[in-house]
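Chain residues, written in single-letter form:
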Amino acid sequence: GLYRDELAGQLKMFLHLPEQGKVEVRLTILRTGKVASVQVVSAESEINASYVKTTLPDLTFTPFGSHFGKEAQYTFHITLMNES
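The structure contained in this document is the topic of the report that follows.

What counts and how
Residues numbered from 1 in each chain as written. Predicted model: local features only at pLDDT ≥ 70, side-chain atom pairs only at ≥ 80, totals over all residues. Heavy atoms only, no water. Core = buried A, V, L, I, M, F, W, Y, C linked by side-chain atoms within 4.5 Å. Buried < 20%, exposed > 50% of the residue type's maximum accessible area, 1.4 Å probe, protein only. Helix = DSSP H or I, 4+ residues; strand = E, 2+ residues; numbered from the N terminus. Contact = heavy atoms within 4.5 Å. Phe/Tyr/Trp six-rings, centres within 6.5 Å; stacked < 30°, edge-to-face > 60°. Expected span 1.5 Å × (residues − 1). Arc of directions from axis to C-beta.

Take the nonpolar core next. Judged by nonpolar contacts, the single largest core of 18 residues is most densely connected at Leu11, Phe61 and Leu80. At the level of secondary structure, the elements contributing two or more residues to this core comprise helix H1 (2-14), strand S1 (21-30) and strand S3 (73-82). With four residues, S1 is the largest single contributor of residues to this core. Excluding residues that lie within four positions of it along the chain, Leu11 makes contacts with Leu27, Leu56, Phe61, Ile78 and Leu80.

Right, dumping it as structure tokens:
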């Protein structure tokens with residue numbers, strides 16, 4: 001959906017994984033765009049995993065607006081990649 005695309009774009013801008021490899025996360029975002037929780041599901045690199053755990057909670061994303069009905073928060077399953 002549109003919100004998911006916007007979120008993906010913001011993640012690409014904000015996050016720069018220090019090492020090669022993928023990190024799978026469950027990212028729960030509040031309606032306001034604040035991060036409620038970050039759970040690393042799997043990571044090919046410990047350094048990337050800890051980078052994601054420390055960096056993601058400080059980020060603020062676009063508020064939901066009309067997306068996701070009246071949900072107070074929404075959890076996204078996201079795969080982050082170092083594409084350099």
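Quick look at the environment of Glu71 now. If you trace the backbone, Glu71 turns up in the loop between helix H2 (46-55) and S3. Judged by relative accessible area, which is 44%, Glu71 ranks as partly exposed. Sequence spacing of Glu71 and Leu30 is 41 residues, and the spatial spacing of their C-alpha atoms is 8.6 Å.

This next bit is on the packing of aromatic side chains. Under the defined criterion, the tally for this structure stands at eight aromatic pairs. Ring centres of Tyr3 and Phe76 lie 5.8 Å apart, and the angle between their planes is 25°; this geometry places the pair in the stacked category. Highlighted residues: Tyr3 in helix H1 and Phe76 in strand S3, separated in sequence by 73 residues. What makes Tyr3 buried here is its relative accessible area of 3%. A residue is classified by how much of its surface remains accessible, and Phe76, at 0% relative accessible area, is buried. Through successive ring pairs, a cluster of aromatic residues spans Tyr3, Phe64, Phe68, Tyr74 and Phe76.

Take H1 next. Counting along an α-helix, one turn takes 3.6 residues, and residues three or four places apart therefore face a common direction. Its 13 residues give H1 an end-to-end C-alpha distance of 18 Å, which sits within 8% of 18 Å, the value for a rise of 1.5 Å per residue. All of the buried residues along H1 are Tyr3, Leu7, Gln10 and Leu11. Buried residues of H1, seen end-on, are gathered within an arc of 100° and therefore sit on one face of the element. Along H1, the residues that are exposed and aim more than 90 degrees away from the buried face are Leu2, Asp5, Lys12 and Met13. Looking at the buried residues of H1, the elements they touch are S1 and S3.

Bear in mind that shape data such as this cannot, by itself, settle questions of function.
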